[in-house]
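# Architecture and fold: a report
Take a look at the letters that make up each chain.
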Amino acid sequence: MHENIAGGTGKVASWLELSAGALAANVATLRAVAAETGGPRALGAVLKGNAYGHGLAQMLPLVHPLVDLLYFIAPADALAARAHERGRGLAPKQILVIGALDAEEAVALAREGVDVVLADSSWREMVAPLRRAKLERPLRVHVHIDTGLGREGFTPGQITSGELDFLRDAGDVLQVVGVLSHFANTEDVTEQMYAQAQLDAFETGLKALRAAAPVHEPLQRHMAASAATLVLPQARYDAQRVGISLYGFWPSTETRLSARLVLGRVPDLKPVLAWRSPSQVVKWLSAGSYIGYGCTHRCSEATRVAVLPVGYFDGYPRLLSGKAHVLVNGHRCAVLGRVMMNHIIVDVTRATHDERPLTATLLGVDGDEHLHAETLASWAQTIHYELVTRLGAHLRRVVVP
Ligand SMILES: *Cc1c(COP(=O)(O)O)cnc(C)c1O
């Protein structure tokens with residue numbers, strides 16, 4: 001799909017490694033944690049944002065056999081997952097589109113047996129086009145209750161004031177099979193007062209929903225993303241929507257601290273992703289040489305540098321200029337001067353003994369060193385969620401054991 005984008009896919013280009021073993025271990029860990037408070041509970045994988053930048057095309061075949069259901073934002077991704085199943089003769093998994101859609105997409109998803117989220121009153125206008133499509137079976141919908149994020153969903157008040165009453169006469173095309181909500185403040189705190197208020201609102205909304213509209217019991221109730229799955233047992237309900245932790249990351253430092261309190265231990269999550277780059281050239285620059293645009297770095301002594309074919313086009317943030325390091329032969333090597341569109345320059349004076357080509361690790365393990373996405377993200381004044389989802393879709397992705 002992206003083969004023709006220059007600057008990232010040639011022979012001398014960085015690549016991403018995806019560890020199938022780390023992914024399987026994370027799924028097992030998350031299942032074990034969710035099962036601690038009784039089951040049965042479904043474990044679902046959130047594959048939005050190009051599978052959190054890991055690459056949907058590579059992650060889908062790895063994730064599909066491991067989980068019970070799949071969550072997408074984009075209807076097209078859900079349809080691609082159905083095509084993947086058909087192409088490989090796989091039994092269809094429950095798939096849920098949690099993003100917005102139009103009537104044409106709703107019809108296509110209904111035909112493919114994909115569940116969708118009914119999140120606002122514009123859904124009233126969906127009934128007529130769904131009827132015109134003469135579906136063999138109704139579209140399966142999950143009602144989103146806004147319990148305090150202020151994003152999608154009906155507030156409990158909207159439900160009691162009749163905004164879902166149209167569902168009473170829409171049973172031929174809309175079947176309510178699930179109910180969900182999303183937390184606003186589970187990652188940033190170690191006490192869960194706001195989350196508890198959201199749980200209370202969820203129960204209120206759920207009662208109002210059952211009174212307002214015909215629902216298909218047992219309703220699948222789901223509220224927990226990674227953080228709640230890990231540290232908020234009362235939010236686990238029937239299914240977990242796990243994103244970031246599936247990929248081997250803690251949602252935040254606060255979540256990791258909470259795990260110690262709530263679970264009495266910190267489960268081991270293993271990053272699935274590593275990012276590596278070959279050198280474009282390795283050479284000596286004499287003392288006094290300047291490096292990069294703006295001449296922001298000047299070598300105080302003769303310096304062996306490696307030019308790496310990676311830049312902000314690939315998702316290496318420019319804010320890392322003069323701050324980050326990469327790993328070469330297990331050594332930390334400073335990024336010298338500014339991050340450019342397609343290049344960075346790193347100090348390899350002590351990491352190598354000669355000017356032969358080398359491999360640098362931008363993210364991941366090299367020797368005794370581990371460069372975490374969280375570290376890179378904090379240097380770039382962002383969070384690891386953003387850092388990884390911005391990894392270029394054009395980068396080559398290789399599955400490793
Ligand atoms: C992104 C998202 C998730 C997953 O969140 P993580 O913190 O990555 O686990 C779950 N549910 C909804 C509605 C989301 O938008």
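An unreviewed UniProt entry lists the chain under the name Alanine racemase, from Cystobacter ferrugineus. The UniProt entry for the chain carries the following comment under Function (unreviewed entry): "Catalyzes the interconversion of L-alanine and D-alanine. May also act on other amino acids." In its Sequence similarities (unreviewed entry) section, the UniProt record describing the chain reads: "Belongs to the alanine racemase family."

### Looking at the UniProt feature "binding site: substrate" (unreviewed entry) in the chain
On the UniProt side, "binding site: substrate" (unreviewed entry) is annotated at positions that read Arg151 and Met341 here. In terms of the greatest pairwise C-alpha distance, the residues named above, spread along 191 residues, do not form a single cluster, extending to 34.4 Å across. Structurally, Arg151 is set in the loop between strand S6 (139–144) and helix H7 (156–160). Ignoring sequence-local partners within four residues, the contact set of Arg151 consists of Asp146 and His182. Note that Met341 resides in the loop between strand S16 (331–334) and strand S17 (344–347). Take Met341: its relative accessible area is 44%, and that puts it in the partly exposed class. Once residues lying within four places of it in the same chain are set aside, the contact partners of Met341 are Gly311, Tyr312, Phe313 and Asp314.

### Describing the nonpolar core
In terms of nonpolar packing, the biggest core is built from 122 residues, with Leu47, Trp123, Leu174, Tyr316 and Val326 touching the most fellow members. Among the elements that take part in this core, helix H8 (residues 193–212) stands out by supplying 7 residues, more than any other. Both domains that furnish three or more residues to this core are identified here as domain 1 (20–263) and domain 2 (273–400). Grouped together as the second largest cluster of nonpolar side chains are 8 residues, Leu285, Ile291, Val307 and Ile345 included.

### A short note on the packing of helix H4 (residues 75–88) against helix H5 (residues 103–111)
Two elements in contact, H4 and H5, have axes separated by 10 Å at closest approach and are oriented at 20 degrees. In terms of orientation, H4 lies roughly parallel with respect to H5. The two elements H4 and H5 meet at a crossing, and its hand is left-handed. Residues Pro75, Ala78 and Leu79 of H4 lie in contact with H5, whose contacting residues are Glu105, Ala108 and Leu109. Residue composition of the contact of H4 with H5, by class: 5 nonpolar, no polar and 1 charged.

### Some words on unusual backbone geometry
In the segment running from Glu217 into Pro218, the intervening peptide bond is cis, with an omega of 0 degrees. Inspection of the secondary structure assignment puts Pro218 in strand S8 (residues 215–224). The residue Asn50 is not glycine, and still its phi comes out positive at about 55 degrees. Mapped onto the elements, Asn50 comes out in helix H2 (residues 48–52). Positive phi, close to 50 degrees, is recorded for Cys295, a residue that is not glycine.

Quick notes on the rules
- Residues numbered from 1 in each chain as written.
- Predicted model: local features only at pLDDT ≥ 70, side-chain atom pairs only at ≥ 80, totals over all residues.
- Heavy atoms only, no water.
- UniProt positions renumbered as here; feature names shortened; annotations may be inferred.
- Helix = DSSP H or I, 4+ residues; strand = E, 2+ residues; numbered from the N terminus.
- Contact = heavy atoms within 4.5 Å.
- Buried < 20%, exposed > 50% of the residue type's maximum accessible area, 1.4 Å probe, protein only.
- Core = buried A, V, L, I, M, F, W, Y, C linked by side-chain atoms within 4.5 Å.
- Domains from an automatic or database assignment.
- Axes fitted to C-alpha atoms, helices over the stretch in contact; angles between N-to-C directions.
- Parallel < 35°, antiparallel > 145°, perpendicular 65-115°, else oblique.
- Left-handed = near helix turned anticlockwise from the far one by under 90°.
- Nonpolar A, V, L, I, M, F, W, Y, C, P; charged D, E, K, R; others polar.

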